[in-house]
Amino acid sequence: MSPFFLLLINLSVLAYGLLAGVFLAFSDFIMRSLSRTGETGGVAAMQAINREVFRWVFMALFLGMSPVSLLIAGYAAMTLGSAGGTPIALAGLVYLVGCFGVTVFFNVPMNEALAGMDPSSGTARAYWNETYLPRWTFWNSLRATACALSAVLLLFGLSQMAGADG
């Protein structure tokens, strides 16, 4: 493996782990805490979070890992036919589908629907309790799992490669 791709894969392990941590925090305690603030407070807080997320390092990391994951998966599929290639390729695909794809097709549409609501309206309160909290948290937990699995797959692939070299 080239030194560039070795560095890229090692940095990707870190990036996947950081993203898994963010998503895990939301699923584990942030969403539960927001649910205890009352519907109006939870809706308003989540609307603020969804606005702020676009202005921070998270978006660069989250969006940046999509082309990196594609590059890792493609490189592994084309050049790493030996030990480690399969888990490394799978790591990129798991991120693309399980994190990025889930975000685009599930979490973002729910965020957009919530963004257009008046937090004090009955519609917002019902959406928050009946749809947003359970579904958004489910899909977010899947994103956390996908990111963690991607990191584990990269580590496993690297260890397989090291075992084959030694």
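Predicted model only: the values in this text are computed from it and were never measured.

Some points on the overall build of the protein chain
Of the regular secondary structure elements, the protein chain holds 5 helices and 0 strands. Ordered by position from N to C terminus, the α and β elements of the protein chain give α-α-α-α-α. Judged by the C-alpha coordinates and their principal axes, the protein chain covers about 60 × 25 × 20 Å. Across the protein chain, every contact between residues at least 6 apart in sequence was considered, and the portion connecting residues at least 24 apart equals 81%. Looking at the protein chain as shown, the accessible area adds up to about 8,500 Å², and 71% of this sits on carbon and sulfur atoms.

Topic: the pattern of salt bridges
Tallied over the entire structure, the rule returns 2 salt bridges. Residues Arg32 and Asp28 are paired through a salt bridge, measuring 4.0 Å at the closest nitrogen-oxygen approach. Remark: Asp28 and Arg32 occur in helix 1 (residues 3-35); sequence separation between them is 4 residues, near one turn of the helix. Owing to a relative accessible area of 39%, Arg32 belongs among the partly exposed residues under this scheme. Between Arg55 and Glu52 there is a salt bridge, with the nearest N and O atoms lying 2.9 Å from each other.

Quick notes on the rules
- Residues numbered from 1 in each chain as written.
- Predicted model: local features only at pLDDT ≥ 70, side-chain atom pairs only at ≥ 80, totals over all residues.
- Heavy atoms only, no water.
- Helix = DSSP H or I, 4+ residues; strand = E, 2+ residues; numbered from the N terminus.
- Contact = heavy atoms within 4.5 Å.
- Areas by Shrake-Rupley, 256 points an atom, 1.4 Å probe, with all protein chains shown as cover.
- Salt bridge = Lys/Arg side-chain N within 4 Å of Asp/Glu carboxyl O.
- Buried < 20%, exposed > 50% of the residue type's maximum accessible area, 1.4 Å probe, protein only.

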